[in-house]
Amino acid sequence: GGSPGMAPSRTGSLALCVLTLSAICLPVQGYVSPTSIARPALRNLETDTRRICRGVRALRASAAQDDSRIDRGTLLKGAALGAFSLISTSATAKTDIFWKPKAEVPTAAEKDAFYTKYKYERPSDVLPFILENSQQGDSSDVLRALDCFGTYYPNYRLGPTKGDVFEDIAAGIAPKTALEIGTFWGYSAIRTARRLQKGGKLFCIEYNPNNAEVARKLIEHAGLQDRVKIFVGKSTWTIPKVAEEVGHADLVLLDHNKKLYYPDLLLLEKHGIVGKGTMVAADNVIFPGAPDFLDYVKTGPRWETKLVEEPLEYDLDATDPRGVFRGEGGKKWKEGTKSAGTADGISFSRCLGDVTAA
């Protein structure tokens, strides 16, 4: 601000202050995830932001009486460049030891630190890590924390790859009513709930009451509790009991016992939850596999099915024995020799006509 060789005007100082404020505020507002920079650094940014906001208010009052004029386009361009510069440097800042990119494997030191601090013997053991390492009300942060936990302790969830595919479909539908069978800890429920249309509802059926309780707490932590209702019980027994309350569903996700996919789908049709227009997504239809279900939705005129092949999202044979969940009562989490990366897929089947029209 000001002519060459002259002291900057108050308006010029305001421009510089706004530039600095923009650079600091953009990461805080979400352009850089809170989990991509150290949390102490984030708190420092917030403190700096408040301090500079006070300075901006003071400068505005002073500049109101200044005859100088700001070139608004130049100011905005400079603010954008300054913000981009800070975002670039913030992204390379030191990160929390437990947070890793999708494809990066934890180091031995990181594993030692993690297993020392976080034990996993029952479903509720996941809660301390998620609550400590994700922001209240930030659903994306909660999902990232669940994915991170799964890096050390394999567990059932769609995962980031299949999860993104599923959520894209859900976003395109924007369901008013959705049903999920096999909620586990609420990973896919969080992805579904945030894609509901305004006033929409997600109904979940989870067999294990301990998993259901964890899911409730994590869904609440993600700020989505008002959109989700969880029923506890075996799917075959629960579907008839909740059919009237659920009504016709726009989206259904099957992610429970693979042998029950086919009989449960028939039950959902019988009770009117699945009908014309319903999109039925089914995970793990290749491995462990649900052949009867696939045969049903891939044949006949009532279904239009697409199979998206993606690798298996969890490891059945953890390389580090500390990462094998022994389960309640000491039972091993999962027997098997297959591991993450095994060919698998998630199917999407749209119902083109009610069962009575078949």
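Reading guide: rules and limits
Residues numbered from 1 in each chain as written. Predicted model: local features only at pLDDT ≥ 70, side-chain atom pairs only at ≥ 80, totals over all residues. Heavy atoms only, no water. Helix = DSSP H or I, 4+ residues; strand = E, 2+ residues; numbered from the N terminus. Buried < 20%, exposed > 50% of the residue type's maximum accessible area, 1.4 Å probe, protein only. Contact = heavy atoms within 4.5 Å. Areas by Shrake-Rupley, 256 points an atom, 1.4 Å probe, with all protein chains shown as cover. Phe/Tyr/Trp six-rings, centres within 6.5 Å; stacked < 30°, edge-to-face > 60°. Axes fitted to C-alpha atoms, helices over the stretch in contact; angles between N-to-C directions. Parallel < 35°, antiparallel > 145°, perpendicular 65-115°, else oblique. Nonpolar A, V, L, I, M, F, W, Y, C, P; charged D, E, K, R; others polar. Core = buried A, V, L, I, M, F, W, Y, C linked by side-chain atoms within 4.5 Å. Pairing = 2+ DSSP bridges. Right-handed = clockwise from strand over helix to strand, strands pointing away.

**Re the overall build of the protein**
Of the regular secondary structure elements, the protein holds 13 helices and seven strands. The 358 residues of the protein split such that 47% are buried. The contacts in the protein between residues at least 6 apart in sequence include a share of 77% that link residues at least 24 apart. Just so you have it, the protein exposes about 18200 Å², and 53% of that area is on carbon and sulfur atoms.

**Description of the packing of aromatic side chains**
For the structure on display, the rule yields 20 aromatic pairs. Here the aromatic rings of F129 and F149 are separated by 5.9 Å at their centres, their planes lie at 45°, and the arrangement is tilted. One end of the pair, F129, is in helix α5 (residues 126–132); the other, F149, is in helix α6 (residues 139–152), with 20 residues separating them in the sequence. According to the relative accessible area criterion, F129 is buried, its value standing at 0%. F149 gets classed as buried once you look at its relative accessible area, which sits at 1%. Taken together, the ring pairs connect F114, Y115, Y118, Y120, F129, F149, Y152, Y153, F184 and W185 into an aromatic cluster.

**Points about the packing of helix α10 (residues 235–246) against helix α11 (residues 261–270)**
Taken N-terminus to C-terminus, the directions of α10 and α11 make an angle of 10°; their axes are 10 Å apart at the nearest point. Classified by the angle between their axes, α10 and α11 sit roughly parallel to one another. Facing α10, whose interface residues are S235, T236, I239 and P240, α11 presents D264, L267 and L268. Along the lines of polarity and charge, the residues of the contact of α10 with α11 split into four nonpolar, two polar and one charged.

**So, the nonpolar core**
Soluble, globular proteins show a tendency: their nonpolar side chains are buried together. In this structure, I130, F149 and W185 are the most contacted members of the largest nonpolar core, which totals 46 residues. Per-element accounting of this core gives the leading share, seven residues, to α6. If sequence neighbours within four positions are ignored, F149 has contacts with F114, Y120, V126, F129, I130, N155 and W185.

**Some points on the pairing of strand β2 (residues 201–206)**
Here β2 lies mainly inside the structure; five of its six residues are buried. Across five bridges, the pairing between strand β1 (residues 177–181) and β2 is parallel. Each residue of the ladder has a partner; that of I181, found in β2, is I205. One ladder, built from five bridges, connects β2 with strand β3 (residues 228–232); its direction is parallel. Each residue of the ladder has a partner; that of F203, found in β3, is K229. Each parallel crossover has a hand, and for β2 linked through helix α9 (residues 209–221) to β3 it is right-handed.

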